[in-house]
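Chain by chain, the residues run as shown.
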Amino acid sequence: MERTDYLAYVKARMPEKRYIHTLGVEQTAKAMAAHYGEDVAAAETAAILHDLAKYADVAWMEQIVRDHGLDARLLGWGSELLHGPVGAWVAQHELGITNEAILHAMCYHTTGRANMSNLEKILYVADMLEPNRRFPGVDDLRQMMYDGLNEVFEACVKHSLIHLISSGIAVFPQSIECYNDIQSSERN
Ligand SMILES: [Fe+2]
Ligand SMILES: [Fe+2]
């Protein structure tokens, strides 16, 4: 499958607004990958496919988690957190994607994790800062996009956690692990 096939695949599985977001993530992730010397083709595929499971049935996604040994901590967190790991599983097992860098970027695009690759960081940041995103502080974060991948990634992770905590929303353990990893790599 190539770009147009992947686009058609995801377009059939999401509302128009999410498809427009997907195109924005693709554009941003490719620009960031080119800027930071990462694999632009991998960034393109990961970005197009990253939200493919966003509107999948939650019970079905939880079944995938149980049947195929995905992180059991995901159970009960709803589609917001299930769609990354389950989307990666679908990409691997239904679309035949074997590139682990792509699969990992898809898997961790919402939660983050410790020891993220540059491609994982790029998709995380592109998902948050693509041109259609609107939230307080987004413009300040966008200005950092090409001034250092670790810096903009850290700013995005902190912004997400602060938003979750100040809204009284629970934080998935892997997101805390991601934050702690950033802080400990700064100490060393
Ligand atoms: Fe997502
Ligand atoms: Fe997304």
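Here, the structure is the one placed above.
Residues numbered from 1 in each chain as written. Chains lettered and ligands numbered in written order. Predicted model: local features only at pLDDT ≥ 70, side-chain atom pairs only at ≥ 80, totals over all residues. Heavy atoms only, no water.

**Considerations on the environment of Ile48**
Stage number 1. When you line up the elements, Ile48 lands in helix H3 (residues 40-49).
Stage number 2. The exposure class assigned to Ile48 is buried, which follows from its relative accessible area of 0%.
Stage number 3. For the pair Ile48 and Thr4, spaced 44 residues apart in the sequence, the C-alpha separation amounts to 9.8 Å.
Stage number 4. Setting aside residues no more than four positions away along its own chain, Ile48 makes contact with Arg3, Tyr6, Leu7, Val10, Thr22 and Glu26. (Helix = DSSP H or I, 4+ residues; strand = E, 2+ residues; numbered from the N terminus. Buried < 20%, exposed > 50% of the residue type's maximum accessible area, 1.4 Å probe, protein only. Contact = heavy atoms within 4.5 Å.)

**Examining helix H2 (residues 16-35)**
Stage number 1. An ideal rise of 1.5 Å per residue puts 28 Å on 20 residues; H2 measures up with 29 Å between its terminal C-alpha atoms.
Stage number 2. Those residues of H2 that sit buried are Arg18, Tyr19, His21, Thr22, Gly24, Val25, Glu26, Thr28, Ala29, Met32 and Ala33.
Stage number 3. In this structure, the buried residues of H2 make contact with helix H1 (3-11), H3, helix H7 (118-129) and helix H9 (149-166).
Stage number 4. One or two residues past the end of H2 sits Gly37, with phi positive at roughly 70°. (Expected span 1.5 Å × (residues − 1).)

**A look at the environment of Glu80**
Stage number 1. Within the secondary structure layout, Glu80 lies in helix H5 (residues 79-93).
Stage number 2. Glu80 gets classed as partly exposed once you look at its relative accessible area, which sits at 42%.
Stage number 3. Measuring from C-alpha to C-alpha, the distance between Glu80 and Thr110 comes to 7.9 Å, with 30 residues separating the pair along the chain.
Stage number 4. Setting aside residues up to four positions removed in sequence, Glu80 forms contacts with Lys54 and Thr110.

**Some remarks on the coordination of the iron ion (ligand 1)**
Stage number 1. Taken together, Asp51 (OD), His83 (NE2) and His109 (NE2) make up the full set of protein donors to the iron ion (ligand 1), lying 2.1 Å away.
Stage number 2. Mapping the donors of the iron ion (ligand 1) onto the primary sequence yields the spacing D-x31-H-x25-H.
Stage number 3. A separation of 3.4 Å is found between the iron ion (ligand 1) and the iron ion (ligand 2), which are bridged by Asp51. Of this pair, His83 sits in helix H5 while His109 sits in the loop between helix H6 (100-107) and H7, placing them 26 residues apart in sequence. Judged on exposure class, the residue His83 and its partner His109 are both buried. (Donors = N, O, S within 2.8 Å, 3.2 Å for Na, K, Ca; no water.)

**Considerations on the side chain of Glu130**
Stage number 1. Turning to its location among the elements, Glu130 is positioned in the loop between H7 and helix H8 (138-143).
Stage number 2. Of the side chains with opposite charge, Arg133 comes closest to the buried, unpaired Glu130, at an N-O distance of 4.5 Å.
Stage number 3. One polar contact links Glu130 to His21, side chain to side chain, over a distance of 2.8 Å.
Stage number 4. Contacts of Glu130, omitting those with residues within four sequence positions, involve His21, Gly24, Val25, Thr28 and Arg142. (Lys, Arg positive; Asp, Glu negative; His and termini not counted. Salt bridge = Lys/Arg side-chain N within 4 Å of Asp/Glu carboxyl O. Polar contact = N/O pair within 3.5 Å; in protein donor to acceptor, adjacent residues only side chain to side chain.)

**Some remarks on the pattern of salt bridges**
Stage number 1. For the coordinates displayed, the defined rule picks out twelve salt bridges.
Stage number 2. Among the salt bridges present, the one from Arg142 reaches Asp139, with a minimum N-O distance of 3.2 Å. Remark: Asp139 and Arg142 occur in helix H8; sequence separation between them is three residues, near one turn of the helix.
Stage number 3. Lys158 is the partner of Glu154 in a salt bridge, and the nearest nitrogen-oxygen pair spans 2.8 Å.

**Here we look at the coordination of the iron ion (ligand 2)**
When a metal holds four donors in a tetrahedron, each ideal angle between them is 109.5 degrees; when it holds six in an octahedron, the ideal angles are 90 or 180 degrees.
Stage number 1. The protein atoms that coordinate the iron ion (ligand 2) are His21 (NE2), His50 (NE2), Asp51 (OD) and Asp127 (OD), at distances spanning 2.1 to 2.2 Å.
Stage number 2. Note that the iron ion (ligand 2) binds four donor atoms; their angles at the metal cover 82 to 175°, and the shape is irregular.
Stage number 3. Donor residues for the iron ion (ligand 2), ordered by position in the chain, follow H-x28-H-D-x75-D.
Stage number 4. Taking the relative accessible area as the measure of exposure, His21 reaches 5% and is therefore buried.
Stage number 5. Among the residues examined, Asp51 registers a relative accessible area of 1% and is labelled buried. (Tetrahedral: all angles 85-135°; square planar, octahedral: opposite > 155°, others 65-115°.)

Everything listed here is a matter of geometry and, on its own, says nothing about what the molecule does.
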